[in-house]
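Single-letter residue listing:
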Amino acid sequence: LAGVLVMGLSVVSLFALPWLDTSKVRSARYRPGFRVFFILFLGASSGGGGGGAKPPEGLPLIVARVGTIYYLAFIWIILPLLGVFETPKNVPTSISKPVLSGAAASQEAS
């Protein structure tokens, strides 16, 4: 039963992802801390999937469990905290000025 619940939580986590990312800057290009954790996330997801495809014994079982724990921790703990504590790089004015100041909306109206 626990495996089914964790599988359901992993799917629900993907639907909650837009609200859990609290950073004002969405691009990973300007978020160096996010890049590191995201690369680890990709590795954990691959390890969890690969370990889950093997018989549940020995090292593949441990790899799958660690991958699953990091997968859920990234979405529910790391991502919201990164938005609070991470200082993103400066966004170029060609992007930030029209988007963040609302100038694009005022240009369309006139």
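Residues numbered from 1 in each chain as written. Predicted model: local features only at pLDDT ≥ 70, side-chain atom pairs only at ≥ 80, totals over all residues. Heavy atoms only, no water.

Visitor: Could you give me a rundown of the overall build of the protein chain, with the residues and numbers involved?
Guide: For the protein chain, the helix and strand inventory stands at 5 helices and 0 strands. Its helices and strands in sequence order give the protein chain the pattern α-α-α-α-α, from N to C terminus. Expressed as a percentage of its 110 residues, the buried residues of the protein chain come to 25%. Pairs at least 24 apart in sequence give 73% of the contacts found in the protein chain among residues at least 6 apart. Per element, the accessible surface of the protein chain, about 7800 Å² overall, is 72% carbon and sulfur. (Helix = DSSP H or I, 4+ residues; strand = E, 2+ residues; numbered from the N terminus. Buried < 20%, exposed > 50% of the residue type's maximum accessible area, 1.4 Å probe, protein only. Contact = heavy atoms within 4.5 Å. Areas by Shrake-Rupley, 256 points an atom, 1.4 Å probe, with all protein chains shown as cover.)

Visitor: Quick one: what's the story with the packing of helix α1 (residues 2–20) against helix α3 (residues 58–85), residue by residue and with numbers?
Guide: The N-to-C vectors of α1 and α3 enclose an angle of 25 degrees; their axes lie 10 Å apart at closest approach. Classified by the interaxial angle, the pair formed by α1 and α3 is roughly parallel. Considering how the two elements wind past one another, α1 and α3 form a crossing that is left-handed. Contact with α1, carried on its side by V6, L9, S10, S13, L14, A16, L17 and L20, involves T68, Y71, L72, I75, W76, L79 and P80 of α3 and no other residues of that element. Residues of the contact of α1 with α3, tallied by class, amount to 12 nonpolar, 3 polar and no charged. (Axes fitted to C-alpha atoms, helices over the stretch in contact; angles between N-to-C directions. Parallel < 35°, antiparallel > 145°, perpendicular 65-115°, else oblique. Left-handed = near helix turned anticlockwise from the far one by under 90°. Nonpolar A, V, L, I, M, F, W, Y, C, P; charged D, E, K, R; others polar.)

Visitor: Requested: an account of the environment of V91, with residues and values cited.
Guide: With respect to the helices, strands and loops of the structure, V91 is situated in the loop between α3 and α4 (93–100). It is 9.5 Å that separates the C-alpha atoms of V91 and S27, two residues lying 64 residues apart in sequence.

Visitor: Let's hear about the packing of helix α2 (residues 32–52) against α3: which residues, and what values?
Guide: At a closest axis distance of 7 Å, the pairing of α2 and α3 adopts a crossing angle of 150 degrees. Accordingly, the angle class assigned to the pair α2 and α3 is roughly antiparallel. Classified by chirality, the crossing of α3 by α2 is left-handed. Residues G33, F34, F37, F38, L40, F41, A44, S45, G47, G48, G51 and G52 of α2 touch α3, and the partners they reach there are P60, V63, A64, G67, Y70, Y71, F74, I75, I78, L79 and L82. For the contact of α2 with α3, the class distribution of residues is 16 nonpolar, 7 polar and no charged.

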